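The lines below spell out each chain.
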Amino acid sequence: MSDFDYDLFTIGAGSGGVRASRLAAQYGARVGVAEEYRVGGTCVIRGCVPKKFLVYASEFGHAFDDARGYGWSAENVAFDWKTLIENKDDEIDRLNGIYIRNLKNAGADIFQSRATLKDKHTVHLHAENRDVTAEKILVAVGGAPWTDESVPGHDLGVTSNEAFHLKKLPKHVVVAGGGYIAIEFACIFRGLGCDVCLVYRGEDILRYFDTDVSVQVHSELKRKGVRVITQAVFDKIEPLDGDMKRVTLSNGVELEADLVFWGVGRKPVTDGLGLDDIGVELDKNGAVVVDEYSRSSVDNIFAVGDVTNRVNLTPVAIREGAAFAETEFNDNPMKMDYRFIPKAVFSQPPVGTVGYAEHEARAEFKNIDIYKTNFRPMKNMLTGSEERMLMKLVVDGDTDRVLGCHIVGVDAPEMIQCIAIAVKAGVKKADFDQTVALHPTAAEELVTLREKFKPAF
Ligand code: NDP
């Protein structure tokens, strides 16, 4: 046993930190964990989980409309924001309790405190005003929403952190950004009946995705009634009477709203942790620079999850945490494999995607075949909804390997989780062709894509 208080001290009890700490404790390490806010981290407390509850809530907004085509009367339906937020908070409290219990049951000590580094083995616990020492330190503090502080009145806007606790549902919402969070919250507020305007600085929202995906989501947003203004940013935000604000855009357009929402990215929260003072290398965004075993430039300090700004997704942080614990505490060196990670945007309709976008595949492979279809799903035939569904396969023409699959439409994330298994395992287009369709489903279109797509020019 070492002379340190702990074998591992983890700063940050989010998805990555909790997984690493639990596993290390199960492997016999003496583990301490500090969390300054709530155990569970962004995903559980103010990210994926509460967001998904808001997504479910907002989907009812469209479902009541659709139900009429199937003979239901859905008159006088009413929505109560307070009930939604209270029920959501109850569930988050329950999950928070489970995370705390799991850590304790594994044998880890939890400190409800901000923790900063004094030297490479010493952590200062601010709430208790004392130091603890550890042989290895894991930095798993995650990221936080970023807002553009150069915009006058920027603090009149909220981020996702505050949006989960609004006292009332706004009527008019202006959203900045064109990535995951901006699109998801634009759809949530629209589904709940708000007027929504999305302001994006570029041309194509979700620009990191396959172009067909971004075009489809853009047009479906507009079909749902979201106003989308591209090639503009916020110039200033001014207070008006009551809750109202005026947002002036760089193109001169003025928008009035009772909620201004920043969805312009997140940043690692390494400020003030003491990392740079002890020689831990940070990149220009403040992310901890790590090697493939999540080791920082200081040999006993490691980092996993969003604080490393690799792939900022919960399941990735969990895997990175597990790989770290296996390597350092179970004598089983393990690296995270970043290829073919499935991703979803919980827009309405949602996006599910795995593997190469068409432009990425064309940049890396010589012969790329594209198969795609864009159709109105069967369910919409009786509802009158014009919402469409996109399915696209990106195939290596030389080997027949499916390099990417992209779906926009109802249940796309559920479909893509299963398809990702096959794509990761190296499925060929011929395997799709040999799979019998499951009828009648939307997903059957994936195994009946026969014609290679030929661009018109
Ligand atoms: P993203 O990186 O997805 O999107 C940020 C958006 O803000 C982009 O459209 C970007 O434009 C725009 N932007 C950046 N800087 C400025 C600026 N100065 N002025 C105006 N617009 C700006 O970040 P998010 O905050 O949406 O999400 C953060 C991360 O969290 C994601 O990358 C994802 O990894 C994770 N996440 C995952 C979810 C999921 O799995 N469903 C849900 C939510 C978050 P441009 O495109 O031109 O760069």
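Structure's up top.
Our next topic: the sheet that holds strand β13 (residues 254–257). Strands sit in the order β11-β12-β13 across an open sheet of three strands; the sheet is antiparallel. Of all the strands in the sheet, the pair left with one neighbour each is β11 (234–239) and β13. The mean inter-strand angle of the sheet, taken between neighbouring strand axes irrespective of direction, is 20°. Relative to strand β12 (residues 245–249), β11 runs antiparallel, the two sharing five bridges.

Time to look at unusual backbone geometry. In the segment running from Gln348 into Pro349, the intervening peptide bond is cis, with an omega of 0°. One can find Pro349 in the loop between β17 (343–345) and β18 (351–355). In the Ramachandran plot, Leu206 falls in the positive-phi region, its phi being about 45° despite a non-glycine side chain. Looking at the secondary structure, you find Leu206 in the loop between β9 (195–200) and α7 (211–223). In this structure, Asp400 takes a positive phi of about 75° despite not being glycine. In this fold, Asp400 is placed in the loop between β20 (389–396) and β21 (402–408). A relative accessible area of 26% places Asp400 in the partly exposed class.

Ranked by size, the top nonpolar core spans 38 residues in total, and within it Ile183, Phe189, Leu198, Val217 and Leu221 carry the most contacts. When near neighbours in sequence (up to four residues on either side) are disregarded, Ile183 contacts Gly178, Leu198, Ile205, Leu206, Val217, Leu221, Val345 and Ser347. Residues Val354, Ile370, Val394 and Leu403 belong to the second largest nonpolar core, which totals 28 residues.

Within this structure, the stated rule accounts for 14 aromatic pairs. Relative to Phe209, the ring of Tyr180 has its centre 5.6 Å away and its plane inclined at 65°; by these criteria the two rings are edge-to-face. Of this pair, Tyr180 sits in helix α6 (residues 180–191) while Phe209 is found in the loop between β9 and α7, placing the two residues 29 residues apart along the sequence. Of the residues examined, Phe209 reaches a relative accessible area of 8% and is grouped as buried. A ring pair is formed by Phe324 and Phe329, whose centres lie 6.0 Å apart and whose planes are at 80°; its orientation type is edge-to-face. In this pair, the class of Phe324 matches that of Phe329, namely buried. Three or more aromatic residues joined by ring pairs make a cluster, and in this case those are Phe164, Phe185, Phe189 and Phe261. Here the basic side chain of Lys136 rests over the ring of Phe329, its NZ or CZ set 5.2 Å away from the ring centre.

Counting buried positions along strand β8 (residues 172–176) yields four of five residues, so the element is predominantly enclosed. Note: β8 against β9, five bridges, orientation parallel. Of the residues in β9, the one forming a bridge with His172 is Asp195. Both β8 and strand β14 (residues 259–262) contribute to a ladder of four bridges, which runs parallel. The residue bridging Val173 from the neighbouring strand is Leu259, located in β14.

Here the focus is the site of the ligand. For the ligand, the set of nearby residues contains 21 residues, the closest of which are Ile181, Tyr200, Arg207, Asn312 and Ala344. At a separation of 3.2 Å, an oxygen atom of the ligand approaches a polar backbone atom of Gly179. When the ligand is considered free in solution it has 910 Å² of accessible area, and contact with the protein chains removes 81% of it. Broken down by element, the residue count for the shell around the ligand peaks at three residues, all from α6. Tallied by class, the residues present in the shell around the ligand amount to ten nonpolar, six polar and five charged.

Next up on the list: helix α4 (residues 81–106). For α4, built from 26 residues, the straight-helix expectation of 38 Å at 1.5 Å per residue is met to within 8% by its first-to-last C-alpha distance of 38 Å. Residues Trp81, Leu84, Ile85, Lys88, Ile92, Leu95, Asn96, Leu103 and Ala106 constitute the buried set of α4. Lining the buried residues of α4 we find α1 (15–26), β2 (31–35), α2 (41–46), α3 (48–67), β3 (109–112) and α5 (160–163). Phi turns positive one or two residues past the end of α4, at Gly107, with a value near 105°.

Calculation notes
Residues numbered from 1 in each chain as written. Predicted model: local features only at pLDDT ≥ 70, side-chain atom pairs only at ≥ 80, totals over all residues. Heavy atoms only, no water. Pairing = 2+ DSSP bridges. Helix = DSSP H or I, 4+ residues; strand = E, 2+ residues; numbered from the N terminus. Axes fitted to C-alpha atoms, helices over the stretch in contact; angles between N-to-C directions. Buried < 20%, exposed > 50% of the residue type's maximum accessible area, 1.4 Å probe, protein only. Core = buried A, V, L, I, M, F, W, Y, C linked by side-chain atoms within 4.5 Å. Contact = heavy atoms within 4.5 Å. Phe/Tyr/Trp six-rings, centres within 6.5 Å; stacked < 30°, edge-to-face > 60°. Lys NZ or Arg CZ within 6 Å of the ring centre and 35° of its normal. Near = heavy atom within 4 Å. Polar contact = N/O pair within 3.5 Å; in protein donor to acceptor, adjacent residues only side chain to side chain. Areas by Shrake-Rupley, 256 points an atom, 1.4 Å probe, with all protein chains shown as cover. Nonpolar A, V, L, I, M, F, W, Y, C, P; charged D, E, K, R; others polar. Expected span 1.5 Å × (residues − 1).

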